[in-house]
Amino acid sequence: MYDFLIVGSGFAGSVLAERIASKLDKRILLVEKRNHIGGNAYDEFDDNGILVHRYGPHIFHTNSSKVFKYLSNFTTWRFYEHKVMANYQNKLYPIPINRTTLEKYFNKEFRKDGYARKLLNSLSEKRHPILNSEDMIVNQIGTELFKVFFETYTYKQWHKYPKELNASVCGRIPIRVDEDDRYFSDKYQFMPAEGYHILFKNMLSNRNIEVELNTDYRSIINSVKFDKLIYTGPIDYFFDFVHGHLPYRSIRFEYESLRQEYFQPCPQVNYVDDSVPFTRVVEHKYLSGQKSNTTTISKEYPQFDGEPFYPIPTDENRSAYKKYKAETGELKNVIFCGRLAEYQYYNMDQVIANALKIFNKIANGK
Ligand code: FAD
Ligand code: UDP
């Protein structure tokens, strides 16, 4: 007999399991269909001893001191600021677009941020209201730079043009006029010092938590007794696709170990033109700070089929999700939490913050 059955061991499931086990002293069965804990944030050492992120680069960044403090219970940190370059016609440019990007692209020296700002003002095409990702970017940098740095990459990633996606998708990337070349601007930017797999292991070490791997919850749900269910998998699967399949974007990750110290000059290179079918190449040793004579890279090939990684943020998909959301109101003892269960393009810190909020409600009997 368990107090809670939790489906999925990503951040949503693991934060809730940890809080309920340690603060409420309740018994939990956590089931995970993969052969490891950690969801998409999972990392492991490959044959060459390089720590690799199995589901794409996961960089921890947040402005929430609450989230940072909470996670600090389970890991120490390595200061890490992510750096990304765009490869356009075999030349590299800093991403997000900043003063250096503009100088390189236009082959001019601006020296001061004010000149870069003036240039962007002259290039930008005012769009009002901002209805989609194309409006969002063209409004800031104009059509030419939008086409070079956003349009093709976005199409490769989503199989949709920016004008078909909500403004928030490309809006994740700031446009800068200074020389700041960090990918994120958040207050806290760190990596778990020993990797995410250790962080998750520490979170789930409470003796009130039993973890069962390689188990789809459907195969055990009728044979275990529990009071409440917390579900963090895809919401359409939970409801047997009664309102149809929600679209997700998947990715095939292709790993290569190379007998050289470094492959590229920075952790991530985005291939923003259509000369190659993959979107980005990540060199994993930058993320862990490891020193080695060999290196491991991964190339990302977006695809429709496969594990659902990205909910696709369009108005149409949001409406489809709402039909499922309405069904959840009928269920008294089921809580839905996380990127797949809420069909939201959340970062890790947003999922953790939501899980902590949900925990407070559970603790207050709401
Ligand atoms: P998940 O991590 O997806 O966990 C859900 C778990 O549920 C999975 O382990 C799954 O196997 C399990 N599950 C599903 N169905 C069942 C079932 N039927 N039975 C049992 N188990 C089931 N965020 C950042 O903050 N920074 C980044 O740099 C970053 N990079 C990313 C890169 C990529 C390529 C991707 C795809 C995401 C990235 N994210 C990043 C987002 C981050 O992965 C998510 O915010 C976070 O992992 C969501 O946690 P979750 O618990 O909601 O979902
Ligand atoms: N994007 C782009 N060019 C880039 C980087 C990002 O067009 O060089 C767009 C693209 O649509 C991408 C979105 O901005 O999906 C968000 O980028 P982010 O790096 O946050 O994507 P994620 O890491 O979540 O895949």
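Right above here is the structure, for reference.
Residues numbered from 1 in each chain as written. Chains lettered and ligands numbered in written order. Predicted model: local features only at pLDDT ≥ 70, side-chain atom pairs only at ≥ 80, totals over all residues. Heavy atoms only, no water.

S.K.: Looking at this structure, I do not really get the sheet that holds strand β6 (residues 77-79). What am I missing?
M.R.: Each strand in a sheet pairs with another by means of backbone hydrogen bonds, the pair being arranged parallel or else antiparallel. Strand order in the open sheet formed by 3 strands is β5-β9-β6, with antiparallel pairing between adjacent strands. In the strand order of this sheet, the two ends are held by β5 (60-62) and β6, each with one partner. Looking at each pair of strands side by side, their axes are set apart by 40 degrees on average, direction ignored. In this sheet, strand β9 (residues 188-192) lies alongside β6 in antiparallel orientation, the contact comprising 3 bridges. Its bridge partner being in β9, Arg 78 is matched across the sheet by Met 191. (Pairing = 2+ DSSP bridges. Helix = DSSP H or I, 4+ residues; strand = E, 2+ residues; numbered from the N terminus. Axes fitted to C-alpha atoms, helices over the stretch in contact; angles between N-to-C directions.)

S.K.: What exactly am I supposed to notice about helix α1 (residues 11-24) here?
M.R.: An α-helix turns once per 3.6 residues; consequently, residues spaced three or four apart project the same way. For α1, with 14 residues, the first-to-last C-alpha span of 19 Å sits near the 20 Å given by 1.5 Å per residue. Those residues of α1 that fall on the buried side of the exposure criterion are Phe 11, Ala 12, Gly 13, Ser 14, Val 15, Leu 16, Ala 17, Glu 18, Arg 19, Ile 20 and Ala 21. Asp 25 occupies a position one or two residues after α1 and carries a positive phi of about 55 degrees. (Expected span 1.5 Å × (residues − 1). Buried < 20%, exposed > 50% of the residue type's maximum accessible area, 1.4 Å probe, protein only.)

S.K.: Can you walk me through the nonpolar core in this structure?
M.R.: What tends to happen in soluble globular proteins is that the nonpolar side chains get buried as a cluster. If you look at the biggest cluster of nonpolar residues, it comprises 73 residues, and the most contacted ones within it are Phe 11, Leu 16, Phe 149 and Phe 150. Ranked by residues supplied to this core, first place goes to helix α5 (residues 133-158) with 9 residues. When neighbours within four sequence positions are excluded, Leu 16 is seen to be in contact with Ile 6, Ile 230, Cys 337, Ala 355, Ile 358, Phe 359 and Ile 362. One finds Tyr 2, Leu 229, Tyr 321 and Tyr 343 within the second-largest nonpolar core, a separate group that totals 32 residues. (Core = buried A, V, L, I, M, F, W, Y, C linked by side-chain atoms within 4.5 Å. Contact = heavy atoms within 4.5 Å.)

S.K.: Hey, could you run me through the pairing of strand β7 (residues 84-88) in this one?
M.R.: On any regular strand, side chains alternate: one points to one face of the sheet, the next to the other face. Taking burial as the measure, the 5 residues of β7 include 5 buried ones, the bulk of the element. Of the two faces of β7, the one carrying Val 84, Ala 86 and Tyr 88 and the one carrying Met 85 and Asn 87 are both buried. Pairing of β7 with strand β8 (residues 91-95), which is carried by 5 bridges, proceeds in the antiparallel orientation. Bridge pairing in β8 links Asn 87 to Leu 92. The antiparallel hairpin formed by β7 and β8 contains 2 residues in its connecting segment, where Gln 89 sits at a positive phi of about 50 degrees. Inspection of the sheet shows β7 paired to strand β13 (residues 268-271) by 4 bridges, in the parallel sense.

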